[in-house]
Structure formats: structure tokens, C-alpha cells
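Geometric and topological summary
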Amino acid sequence: EESFLHYLTYNRLGLTKLQLSLYHFGGDPRRFTYSIRAMTNHLYHTFYHKVSGDSMRQWLPHIDSFRKAIWQKIMSGGTVETSYVDNVVNQTLIQFSIPFESFRIFGFLDDTGYRTSAPGNEARRRMGFRDDLQRSFYSGYFAGHGLKLQAVSLPNGMIGSIYLGSWRVSDSGLLNLSGLDTYLSDLFSENNIIIPGNEPSYPVLYGDGVFPTLPTVLPRYSNPSQDERRINTRLSNARQNIEHIFGLHRNIFKLFDRPERFQLLHQGNEAVRLIFNSFLLLNCYTCFNESRCSFFLRPPSIGE
């Protein structure tokens with residue numbers, strides 16, 4: 001219990017081990033290195049299957065309720081379109097009529113990044129490493145080194161699955177590395193979860209236009225027609241769900257605003273496990289504090 005309190009405080013406040021000793025717990029600051037590392041490994045090995053690996057299996061009984069929650073969000077209200085004819089402003093409320101039986105979206109897919117220190121600055125000189133070590137974690141788009149996280153968010157506010165890779169890898173590349181589409185396809189096929197229609201298909205995760213169209217992944221329409229553009233607008237509003245979850249994660253866990261704490265060369269495994277565990281704790285936080293999402297679907301209890 002004491003180690004868990006150390007771990008929660010370290011993640012929540014992002015303090016150094018010395019600050020943990022001075023301001024909160026007292027004692028030798030070196031002991032926090034061992035207690036936090038022990039708790040990091042314990043949570044990762046015990047609860048890995050709750051946020052990665054085969055984690056989506058636990059949500060199979062809720063797929064239909066997830067679909068219905070997203071469908072109701074899209075069908076409620078409408079989109080106001082403004083047009084100008086002879087300098088007169090006309091506003092039209094556009095509503096949709098999509099049958100629930102053929103609606104396939106049950107969750108959302110997106111990526112986010114976490115900055116780390118540059119790996120190998122000193123070791124390159126000391127050990128003869130080449131620049132490839134740094135380049136493998138460098139993103140020119142964000143002008144920094146780091147890790148990229150792919151997450152599946154569900155309309156009850158929970159994270160269904162995560163996968164970590166290098167910040168250098170593109171979103172679609174990380175999707176290929178994770179094998180998420182193959183995993184979900186096998187999972188739905190094994191449990192006979194099929195959406196009826198002219199061509200029976202699997203439930204899908206909705207993502208932005210950078211993702212490819214796959215059996216279980218549906219990106220926004222590119223080069224859309226007028227109707228497709230309207231659908232993009234409605235789904236873009238619903239997809240903000242996952243952005244809110246990422247924002248909540250950063251607000252709760254201040255540790256991840258301090259890239260100097262994540263030394264990929266010397267403590268790469270620990271850095272990855274800290275990020276994994278933080279999303280497990282975020283799911284626990286959601287169970288206790290209810291979902292911040294706008295789908296009116298409650299998360300499970302912590303016991304469930």
C-alpha cells in the first residue's frame with residue numbers, strides 16, 4: 001500500500017524522488033526509486049490484459065450498447081448549414097436518418113505522443129553509437145523525441161486498448177505494427193459478431209483520414225460528396241470523445257509533462273510501462289468518477 005501511494009503521487013504530481021521525500025513522505029529519497037519501480041512492474045505484469053493484448057475481449061458483450069450510444073449521438077439534433085443567395089442568409093437544419101441495424105461504429109481510434117529525452121546524446125560519444133539511434137525516436141513534425149501511443153476509446157469513457165511505438169512511426173504505420181485490425185477481425189469472427197446488411201461486416205472503429213479503410217477501421221471520407229461531408233462533420237463532433245480522454249490523462253498525470261524523466265536509452269522499458277500503467281489508472285479513475293464523454297453511457301464499477 002505504501003508503494004502504491006508513492007506510485008500514485010509520483011504520477012499525479014510529477015515530482016522528483018527528492019521532492020517526494022521532502023514534501024510528502026520523508027525518509028531516504030533513494031527508496032522511492034525501488035518502491036516505484038517495483039509497483040511499475042507489478043501493475044504492468046498483473047493488469048496488462050486490461051488495457052492491451054487481449055483487452056478488447058472483455059468489452060464484447062457491450063458492443064451493441066456502444067454502437068447505439070454513438071448512433072443516438074449522431075441522430076440527435078442536426079447540422080446547421082448556412083448559404084447565401086442574393087446577399088440573403090439562409091440557414092438550414094440538416095438531419096440524418098441512418099438505420100441502427102446497419103450502423104457499425106462502436107468506438108474511436110486515435111494516436112497521441114509523449115515527449116522523452118533524446119536517447120543516446122552522451123552514449124553516442126562514449127559507446128560509438130550513430131545518429132540512427134536518435135532518429136528512430138525523432139518526429140520532424142513535432143520536432144522532438146518521444147513515444148507514440150495508439151488508443152481505442154469507448155463511448156462509456158473507458159480506454160479499450162493501447163499500443164506503444166516510436167514517435168517517428170506514422171499513425172497508419174503504428175496501426176500495422178499493432179495488428180489491431182487482424183486481432184479485432186479474428187475476435188468478432190470467433191464470437192460471430194456481425195453487422196447485417198447487403199454485405200455483412202464487422203463493427204468498426206472510427207478514425208481520422210490518416211488511417212486506411214480496413215474491415216474493423218473506418219476513416220473519415222476523403223474527397224467527400226455533400227452528404228459525406230455532412231457525415232464527416234457529425235462524426236468529427238462525436239470523435240472528440242477520444243481527444244477529451246487524452247486531455248484528461250494529461251491533466252491528471254503531470255509526470256508526462258516532464259520529458260526529462262523518460263530516459264529511453266537507460267530506462268526504456270520503465271518508460272513504456274509507466275505509460276501503460278497510467279492508462280490502467282485512468283480507467284480506474286473513470287470508474288470512480290464517471291465518464292466525461294457526452295454519450296450518456298456509464299462506465300462499469302471498479303469491481304466489474
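Report follows, based on the coordinates.

About the criteria used
Residues numbered from 1 in each chain as written. Predicted model: local features only at pLDDT ≥ 70, side-chain atom pairs only at ≥ 80, totals over all residues. Heavy atoms only, no water. Buried < 20%, exposed > 50% of the residue type's maximum accessible area, 1.4 Å probe, protein only. Helix = DSSP H or I, 4+ residues; strand = E, 2+ residues; numbered from the N terminus. Pairing = 2+ DSSP bridges. Core = buried A, V, L, I, M, F, W, Y, C linked by side-chain atoms within 4.5 Å. Contact = heavy atoms within 4.5 Å. Axes fitted to C-alpha atoms, helices over the stretch in contact; angles between N-to-C directions. Parallel < 35°, antiparallel > 145°, perpendicular 65-115°, else oblique. Nonpolar A, V, L, I, M, F, W, Y, C, P; charged D, E, K, R; others polar.

Right, let's get into the pairing of strand 5 (residues 144–153). Burial analysis of strand 5 places 10 of its 10 residues in the buried class, which makes it a mostly covered element. Where strand 3 (residues 105–115) lies against strand 5, eight bridges are found, and the strand directions are antiparallel. Note that in strand 5 the partner of Leu109 across the bridge is Val152. Where strand 4 (residues 138–139) lies against strand 5, two bridges are found, and the strand directions are antiparallel. When the sheet's bridge partners are listed, Ser139 is paired in strand 5 with Gly144. In this structure, the hairpin formed by strand 4 and strand 5 is closed by a connection of four residues, where Ala143 is found at a positive phi of approximately 55°. Taken together, the seven bridges between strand 5 and strand 6 (residues 159–166) define a ladder with antiparallel strand orientation. Counterpart to Leu149 in the pairing with strand 6 is Leu164.

Here we take up the nonpolar core. Judged by nonpolar contacts, the single largest core of 48 residues is most densely connected at Leu149, Ile162, Ile275 and Phe279. Among all residues touching Phe279, those that are not within four sequence positions of it are Val51, Tyr114, Leu149, Ile159, Ile162, Phe246 and His249. Listed in part, the 21 residues of the second largest apolar core include Trp59, Val152, Leu175 and Leu184.

Another aspect to go through is the packing of helix 2 (residues 17–25) against helix 3 (residues 30–51). Helix 3 packs onto helix 2 with a crossing angle of 100° between their chain directions and a minimal axis gap of 8 Å. Here helix 3 runs roughly perpendicular to helix 2, going by the angle between their axes. Two secondary-structure elements touch here, helix 2 through Lys17, Leu20, Ser21 and Phe25 and helix 3 through Arg31, Phe32, Thr33 and Ile36. Classifying every residue of the contact of helix 2 with helix 3 by side-chain character gives four nonpolar, two polar and two charged.

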